[in-house]
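Fold and geometry: a report
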Amino acid sequence: ITIWDEEYNIDGYKSGNLFLKVIIRESHIDTNATTSNIRTKLSKLDTYIHTIGQDITKFNTYVKHLIGSLQARGETTQDLLTNLFKGYAECSDKEFIDYIKRKHEVYQEGNPITSDALMQLADVKYKILKENRTWNAPSAEEEKIIALEAQIKGMKKTGKKNTTYQNGA
C-alpha cells in the first residue's frame, strides 16, 4: 500500500478515506487473481497428492487451507467433492482406493456426504492403514511375484539352473 502513497497523500497530509480506497482497490485485485489461482489448485488435487507422498493428512490440510482462502475472499466452490474423489483416487494403496470408490458409489447413488465428512473418513482410513503398517503393502499376489523374483536373482547369482525346465517337464 505504501507504494501508492501519492494517491492518499494530499499536500503532505494522509487522507484516511483515500487510504481506505487504495486498500480496497488493492485487495480486490488480489481477490480476483488469487481466487482463480485457488480454483486451479483445487482442480489439480489429483496431481498435488503425489507431491506430498500421498499423505492424506497433509492433503486434507492443504485442501482446508485452500477452502479457507476462498472463504476469506467471499467465495465458495461447488465441485470440491468431485476434486476430492479425483485426488484420493490417485493414491497407490489399493485398499484405500477401494474404500474411496465405495464412498463415491454411495454418494453417486444419492446419499449425501459433505466434503468435511469425506476428508475425515479418508484421514481415519489412512491413519488406520499406516498404524497397521498396511499402507501400500503388497497384495498376496504381489508378494508371490516378489518372492519369485528374489528366487530367480538368487539362482542367477549362484549359477544354478532349474532342471525342471531343462528336462522338458
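For the structure itself, consult the block above.
These notes cover the structure that comes with them. Model, not experiment: these values are computed from the prediction.

Looking now at the nonpolar core. Counting residues in each nonpolar core, the largest one holds 29 residues, and the members touching the most others are Leu42, Ile56, Phe59, Val63, Leu84, Tyr88 and Phe96. Broken down by element, this core gets its largest block of residues, seven residues, from helix α4 (residues 56-72). Setting aside anything within four residues of it in sequence, one finds Leu84 in contact with Leu45, Phe59, Val63, Ser115, Leu118 and Met119.

Helical geometry: 3.6 residues make up each α-helical turn, so side chains three or four residues apart lie on a common side. In a regular helix each residue adds 1.5 Å, so 17 residues correspond to 24 Å; α4 covers 24 Å between its end C-alpha atoms and thus fits that length. Taken residue by residue, α4 has Ile56, Phe59, Asn60, Tyr62, Val63, Leu66, Ile67, Ser69 and Leu70 as its buried positions. The opening residue of α4, the one whose side-chain oxygen lies 3.0 Å from the backbone nitrogen of Thr57, is Asp55. After α4 finishes, the residue Gly74 shows a positive phi value of roughly 75°.

For the rest of this paragraph, the subject is the packing of aromatic side chains. Tallying each qualifying case throughout the model produces eight aromatic pairs. Aromatic pair Tyr8 and Phe19: ring centres 4.7 Å apart, planes at 70°, arrangement edge-to-face. Here Tyr8, found in helix α1 (residues 5-8), pairs with Phe19, found in helix α2 (residues 16-43); they are 11 residues apart in sequence, far enough to count as distant. Taking relative accessible area as the criterion, Phe19 reaches 33% and is therefore assigned partly exposed. With a centroid separation of 5.2 Å and an interplanar angle of 55°, the aromatic rings of Phe59 and Tyr88 are classed as tilted. Of the two residues, Phe59 is situated in helix α4 and Tyr88 in helix α5 (residues 80-88); the sequence distance between them amounts to 29 residues. A relative accessible area of 0% means that Tyr88 is categorised as buried. An aromatic cluster is present here, built from Tyr48, Phe59, Tyr62, Tyr88, Phe96, Tyr126 and Trp135 joined pairwise through their rings.

For the structure on display, the rule yields three salt bridges. Where Arg39 meets Glu75, a salt bridge forms, and the shortest distance between an N and an O atom there is 2.9 Å. Taken together, the residues Arg39 in helix α2 and Glu75 in the loop between α4 and α5 connect sequence positions 36 residues apart. Owing to a relative accessible area of 32%, Arg39 belongs among the partly exposed residues under this scheme. With its nearest N and O atoms 3.0 Å apart, the salt bridge here joins Lys127 to Asp123. With Lys127 and Asp123 both in helix α7 (residues 115-131) and four residues apart, this pair spans about one turn of that helix. On the basis of relative accessibility, which here comes to 45%, the residue Lys127 falls in the partly exposed class.

The axes of two packed helices give the description: the angle between them and the distance between them. The geometry of α5 relative to helix α6 (residues 94-108) is characterised by a closest axis approach of 10 Å and an angle of 155° between their N-to-C directions. What the angle tells us is that α5 and α6 run roughly antiparallel. Both α5 and α6 take part in a crossing whose hand is left-handed. Across from Leu81, Phe85 and Tyr88 in α5, the residues of α6 making contact are Phe96, Ile97, Ile100, Lys103, His104 and Tyr107. Its residues assigned to classes, the contact of α5 with α6 comprises seven nonpolar, one polar and one charged.

Criteria and cut-off values
- Residues numbered from 1 in each chain as written.
- Predicted model: local features only at pLDDT ≥ 70, side-chain atom pairs only at ≥ 80, totals over all residues.
- Heavy atoms only, no water.
- Core = buried A, V, L, I, M, F, W, Y, C linked by side-chain atoms within 4.5 Å.
- Buried < 20%, exposed > 50% of the residue type's maximum accessible area, 1.4 Å probe, protein only.
- Helix = DSSP H or I, 4+ residues; strand = E, 2+ residues; numbered from the N terminus.
- Contact = heavy atoms within 4.5 Å.
- Expected span 1.5 Å × (residues − 1).
- Polar contact = N/O pair within 3.5 Å; in protein donor to acceptor, adjacent residues only side chain to side chain.
- Phe/Tyr/Trp six-rings, centres within 6.5 Å; stacked < 30°, edge-to-face > 60°.
- Salt bridge = Lys/Arg side-chain N within 4 Å of Asp/Glu carboxyl O.
- Axes fitted to C-alpha atoms, helices over the stretch in contact; angles between N-to-C directions.
- Parallel < 35°, antiparallel > 145°, perpendicular 65-115°, else oblique.
- Left-handed = near helix turned anticlockwise from the far one by under 90°.
- Nonpolar A, V, L, I, M, F, W, Y, C, P; charged D, E, K, R; others polar.

These figures come from the coordinates and say nothing about function on their own.
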